[in-house]
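Given next are the chains, with one letter for each unit.
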Amino acid sequence: MWDYNKKLIYPVHISQPDPAMAKLIITQLGGPDGELGAATRYLTQRFTQPYAQGKAILTDIGTAVSEMFPIRVSCFFRLLQPYISIDSAAS
């Protein structure tokens, strides 16, 4: 059972925009060795795991990796906030 609260576990405080840091963060999230790819690999490998304990471990690791997505995306948008409009990002 999941309970989604639109509140970050760790608050993100950014004092000034930094496009270079935003690029680094988005690369960590979706680059070739990024967290999105790692979470996907863990969660898809669980289907071929013959042991229940192995499936549970892969599921736990995959969900733990994906828990950081909202924090990274929040940092990304806050680092670029003066350069983008939130309305244009939503469409």
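The structure this text deals with has already been given above.
In short, a report on the structure. Small disclaimer: the values here were computed from a predicted structure and weren't measured.

Calculation criteria
- For every chain, the first residue of its written sequence is number 1, and the numbers climb from 1 along that sequence.
- At least 70 in pLDDT is required for a residue's local features to be given in this predicted model, at least 80 for side-chain atom pairs to be given and counted, and no such filter applies to totals for whole chains, interfaces and linings, which use all residues.
- Hydrogens and water are ignored here; the side-chain numbers use all heavy atoms of the structure.
- The helix and strand labels rest on DSSP assignments: H or I over at least four residues marks a helix, E over at least two residues marks a strand, and numbering proceeds from the N terminus.
- Take the number of residues in a helix, subtract one, and multiply by 1.5 Å to get its expected span.
- Residue burial is assigned from relative accessible area. The probe radius is 1.4 Å, only protein chains are included, and a residue is buried under 20% of its type maximum, exposed over 50%, and partly exposed in between.
- The arc in question is the one traced by the directions running from the helix axis out to the C-beta atoms.
- Any two residues having at least one pair of non-hydrogen atoms within 4.5 Å are treated as being in contact.
- Put simply, two rings from Phe, Tyr or Trp (the six-membered ring, in Trp's case) pair if the centres are within 6.5 Å, and we call them stacked under 30 degrees between planes, edge-to-face over 60, tilted for the rest.
- The criterion is that NZ of a Lys, or CZ of an Arg, lies within 6 Å of the ring centre and within 35 degrees of the ring normal, and then a charge sits over that ring.
- Salt bridges, as used here, are contacts in which a Lys or Arg side-chain nitrogen is within 4 Å of a carboxyl oxygen on Asp or Glu.
- Remark: nonpolar core denotes a set of buried residues (Ala, Val, Leu, Ile, Met, Phe, Trp, Tyr, Cys) joined through side-chain atoms within 4.5 Å.
- Axis definition: a line fitted to C-alpha atoms, limited for helices to the stretch in contact. Angles are taken between N-to-C directions and run from 0 to 180 degrees.
- Any angle from 65 to 115 degrees is called roughly perpendicular, while one under 35 is roughly parallel, one over 145 is roughly antiparallel, and all others are oblique.
- The sense of a crossing depends on the near helix, which, turned anticlockwise from the far helix by less than a right angle, makes the crossing left-handed and, turned clockwise, makes it right-handed.

Quick notes on helix H1 (residues 19-30)
Helical periodicity: at 3.6 residues per turn, an α-helix aligns residues three or four positions apart in one direction. The first and last C-alpha atoms of H1 sit 16 Å apart over 12 residues, in line with the 16 Å expected at 1.5 Å per residue. All buried positions along H1 are accounted for by Ala22, Ile25 and Leu29. For H1, the buried positions fall inside an angular range of 65° around the axis, keeping them on one side. Turned more than 90 degrees away from the buried face of H1 sit Ala20 and Lys23, all of them exposed. Tucked inside the fold, the buried residues of H1 contact helix H2 (35-45) and helix H4 (69-79).

Thoughts on the packing of aromatic side chains
Each aromatic ring pair is specified by the distance between its two centres and by the angle formed by the two planes. Going through the model one piece at a time under the given rule, you end up with 1 aromatic pair. Between phenylalanine 76 and phenylalanine 77, the ring centres sit 5.6 Å apart and the planes meet at 75°, which makes this aromatic pair edge-to-face. The buried category is assigned to phenylalanine 76, whose relative accessible area is 18%. Lying across the ring of phenylalanine 47, arginine 46 places its NZ or CZ 5.2 Å from the centre.

Digging into the pattern of salt bridges
According to the stated counting rule, one finds 1 salt bridge in the structure shown. Salt-bridge contacts for glutamate 35 lead to arginine 72; the nearest nitrogen and oxygen are separated by 2.6 Å. Of the two residues, glutamate 35 is situated in helix H2 and arginine 72 in helix H4; the sequence distance between them amounts to 37 residues. Judged by relative accessible area, glutamate 35 falls into the buried class, the value being 16%.

Focus: the nonpolar core
Val12, Ala22, Ile25, Ile71, Cys75, Phe76, Leu79 and Leu80 form the largest nonpolar core, which has 8 residues in total. Element by element, the count of residues in this core is highest for H4, at 4 residues. Those residues in contact with leucine 79 that lie beyond four places of it in its chain are Ile14, Gln16, Pro17, Asp18, Met21, Ala22 and Ile25.

Brief notes about the packing of H1 against H4
Look at H1 against H4: their axes get within 9 Å of each other, and the N-to-C directions meet at 155°. On the basis of the axis angle, H1 is roughly antiparallel to H4. Crossing hand, H1 versus H4: left-handed. Here Met21, Ala22, Ile25, Ile26, Gln28 and Leu29 of H1 come into contact with H4, specifically with Phe69, Arg72, Val73, Cys75, Phe76 and Leu79.

In short, shape yes, function no, at least from these values alone.
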